[in-house]
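Next come the chains, spelled out residue by residue.
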Amino acid sequence: MFRKDSKKEVYPIAEPVIGKKEIAYVMDAVKSGWVSSAGPYVKEFEEKFSTFCNATYGVSVSNGTVALHLALMALGVGSGDEVIVPASTFVATWNTVIHCGATPVFVDVESGYWGMDPAKIEEKITPKTKVIMPVHLYGHPCDMDAIVSLAKKHNLFVVEDAAEAHGAMYQGKRVGSLSDVACFSFFGNKIMTTGEGGMCLTSDAKLAEKMNLLKNHGMDPNKKYWHPVVGYNYRLTNLQAALGVAQLEQVETFVEKKRQIVAWYKEELRDLVTEGRVIFQEEKSWATSACWMAALLLKDATYDSLKDALRERGVQTRPFFYPATAFPYYHAVGDFPVAEDISKRGIILPSSINLTKTSVKKICQIFKEVLLHGK
Ligand SMILES: *Cc1c(COP(=O)(O)O)cnc(C)c1O
């Protein structure tokens, strides 16, 4: 964490951990000549990642955004349809609905853990609704039983956006197996990475087949260059999959470390917590969060008022996501008080897997000085 180009320590928000194993597997893939999407690591990665999440089929793709797009397309989402999404998430969740020609319909998040609020979903369901798409924000699972039972009642599909939640558990079950299709991202700052990359998981053979067809130019797997549908090139490469297999072998350690980092932050900031000056993302009794990011709310300060002073002292931070209402082209109608509130007061502290307890202590010391004394 000591950068050569500066004298002071810099604490990045989320650095990947790349070790000997990653380098060995990627070298092996490069040397084999299987550099594109054919090659043994792709199948291995799909099988091992789906097994890890207790899903039957894994369909690897080139990033988490197209994973969501592919899932929605495979479920037949198109023009005139509505997809229910949370008002606070990374923009890709909303965009993929628009990429299908459908309309995103926004639901506020619950205070405390900031997942889609099941109590506010039903009022947004119309005859056009086709899918509910909860997002396991910052690694904390949504209340899936409540969401899935609403979906059953109204004959809707559920797509989990699990891009931030590899290894998180809901009622003791890994996210990724709790809906019709679960979508993951392996971007460089996620819990595990393939550089760019993603995966759709499902236990429905028909859906898996459809996604495999669409992601590979719509080409009939049994008849080369025969294309029954208009498809896409959304494939993951063997090189990326090699990196993924190496990362997957350590994912449980990564999640444990992420949880440890948040526990250290809570310990170091316990005075501020007791005084109510900061509020950490709540962990529900039914959840084991993957703790992708150390996310907290400030009681009497805004993110904007702290970020520059923290950056000057080497602490990289992130704001929470802006609510859908911040962007006029999404036409978010209604009130989203929680999404709007957390966006102003939320701050994400450095959450790299390789952080030490000493670094967390140092970061907390700087954070307290900036919060309480402005510098
Ligand atoms: C990262 C992320 C995505 C998109 O994944 P990419 O691999 O970057 O395309 C989608 N949804 C959420 C919630 C994310 O955090």
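Rules and cut-offs
Residues numbered from 1 in each chain as written. Predicted model: local features only at pLDDT ≥ 70, side-chain atom pairs only at ≥ 80, totals over all residues. Heavy atoms only, no water. Phe/Tyr/Trp six-rings, centres within 6.5 Å; stacked < 30°, edge-to-face > 60°. Helix = DSSP H or I, 4+ residues; strand = E, 2+ residues; numbered from the N terminus. Buried < 20%, exposed > 50% of the residue type's maximum accessible area, 1.4 Å probe, protein only. Contact = heavy atoms within 4.5 Å. Polar contact = N/O pair within 3.5 Å; in protein donor to acceptor, adjacent residues only side chain to side chain. Core = buried A, V, L, I, M, F, W, Y, C linked by side-chain atoms within 4.5 Å. 1 Å grid on protein atoms, 1.4 Å probe; cavity = no way out; pocket = protein on both sides within 12 Å on 5 of 7 lines; lining within 4 Å. Points joined across faces, edges and corners; volume = space filled by probe spheres on them. Nonpolar A, V, L, I, M, F, W, Y, C, P; charged D, E, K, R; others polar. Pairing = 2+ DSSP bridges. Axes fitted to C-alpha atoms, helices over the stretch in contact; angles between N-to-C directions. Parallel < 35°, antiparallel > 145°, perpendicular 65-115°, else oblique. Left-handed = near helix turned anticlockwise from the far one by under 90°.

Chemist: Whenever I open this one, the packing of aromatic side chains confuses me. Can you help?
Modeler: How two aromatic rings sit relative to each other is given by the distance of their centres and the angle of their planes. Inspection of every chain in the model, using the stated rule, returns 22 aromatic pairs. Plain terms: the ring middles of Phe49 and Phe186 are 5.2 Å apart, the flat faces sit at 90° to each other, and that makes the pair edge-to-face. Note that Phe49 is positioned in helix H2 (residues 40-52) and Phe186 in the loop between strand S8 (181-185) and strand S9 (198-202), a separation of 137 residues in sequence. Given the relative accessible area of 0%, Phe49 is considered buried.

Chemist: Teacher, can you tell me more about the environment of Lys124 here?
Modeler: By secondary structure assignment, the location of Lys124 is in the loop between strand S3 (103-107) and strand S4 (129-132). Considered as a pair, Lys124 and Val107 are 17 residues apart in the sequence and their alpha carbons are 7.4 Å apart. Leaving out residues up to four positions away in the same chain, Lys124 has contacts with Ile84, Val105, Phe106, Val107, Thr129, Val333 and Phe336. Within the structure, Lys124 has its side chain in polar contact with the backbone oxygen of Phe106 (distance 2.7 Å).

Chemist: Sorry, what's going on with the nonpolar core here?
Modeler: The tendency in soluble globular proteins is for nonpolar side chains to be buried side by side. In this structure, Phe45 and Phe49 are the most contacted members of the largest nonpolar core, which totals 100 residues. At eight residues, the largest contribution of residues to this core is made by helix H3 (residues 64-74). If near-sequence neighbours (up to four positions away) are discounted, Phe49 is found in contact with His166, Phe184, Phe186, Met192, Met199, Leu201 and Leu248. Formed by 28 residues, the second largest nonpolar core is a distinct cluster that contains Val262, Ala301, Leu349 and Val360.

Chemist: How should unusual backbone geometry be read in this particular structure?
Modeler: Outside of glycine, negative phi angles account for most residues, and trans bonds account for most peptide bonds. Backbone geometry places Asn155, a non-glycine residue, at a positive phi of 60°. Backbone geometry at His331 places phi at a positive 50°, although glycine is not the residue there. Within the fold, His331 resides in the loop between strand S13 (318-319) and helix H11 (337-345). A residue is classified by how much of its surface remains accessible, and His331, at 63% relative accessible area, is exposed.

Chemist: What's the story with empty space enclosed by the protein in this structure? I'm lost.
Modeler: Taking a probe equal in size to a water molecule and rolling it over the atoms shows the remaining empty space. Summed over the entire model, instances satisfying the criterion amount to one cavity of 30 Å³ or more. Estimated volume of the largest cavity: approximately 30 Å³. As for the largest cavity, its lining consists of Ala14, Glu15, Pro16, Gly188, Asn189, Lys190, Lys258, Ser351, Ser352 and Ile353. For the lining of the largest cavity, the residue count by class is three nonpolar, four polar and three charged.

Chemist: What exactly am I supposed to notice about the pairing of strand S1 (residues 57-61) here?
Modeler: Moving residue by residue along a regular strand, the side chains alternate between the two faces of the sheet. Counting buried positions over the five residues of S1 gives four, a clear majority of the element. As paired strands, S1 and S9 are joined by five bridges and run antiparallel to one another. Its bridge partner lying in S9, Val59 is registered against Cys200.

Chemist: Would you mind going over the packing of H3 against helix H4 (residues 91-99) with me for this structure?
Modeler: When two helices pack together, you describe them by how their axes are tilted relative to each other and by the distance separating the axes. For the pair H3 and H4, interaxial distance at closest approach is 9 Å and the crossing angle is 40°. Taken together, the axes of H3 and H4 are oblique relative to one another. The chirality of how H3 crosses H4 is right-handed. Contacts between H3 and H4 involve Thr65, Leu68, His69 and Leu72 from the first element and Ala92, Thr93, Thr96, Val97 and His99 from the second. Within the contact of H3 with H4, the residues separate by chemical class into four nonpolar, five polar and no charged.

Chemist: I'm lost on the sheet that holds S13 in this one. Help?
Modeler: Whether parallel or antiparallel, the strands of a sheet pair through hydrogen bonds between backbone atoms. Strand order in the open sheet made by the four strands is S10-S12-S14-S13, with antiparallel pairing throughout. Two strands lie at the open edges of the sheet, namely strand S10 (278-280) and S13, each paired on one side alone. As judged from the three bridges shared by S10 and strand S12 (residues 294-298), these two strands associate in the antiparallel manner. In the strand pairing of S12, Ile279 is matched with Leu297.

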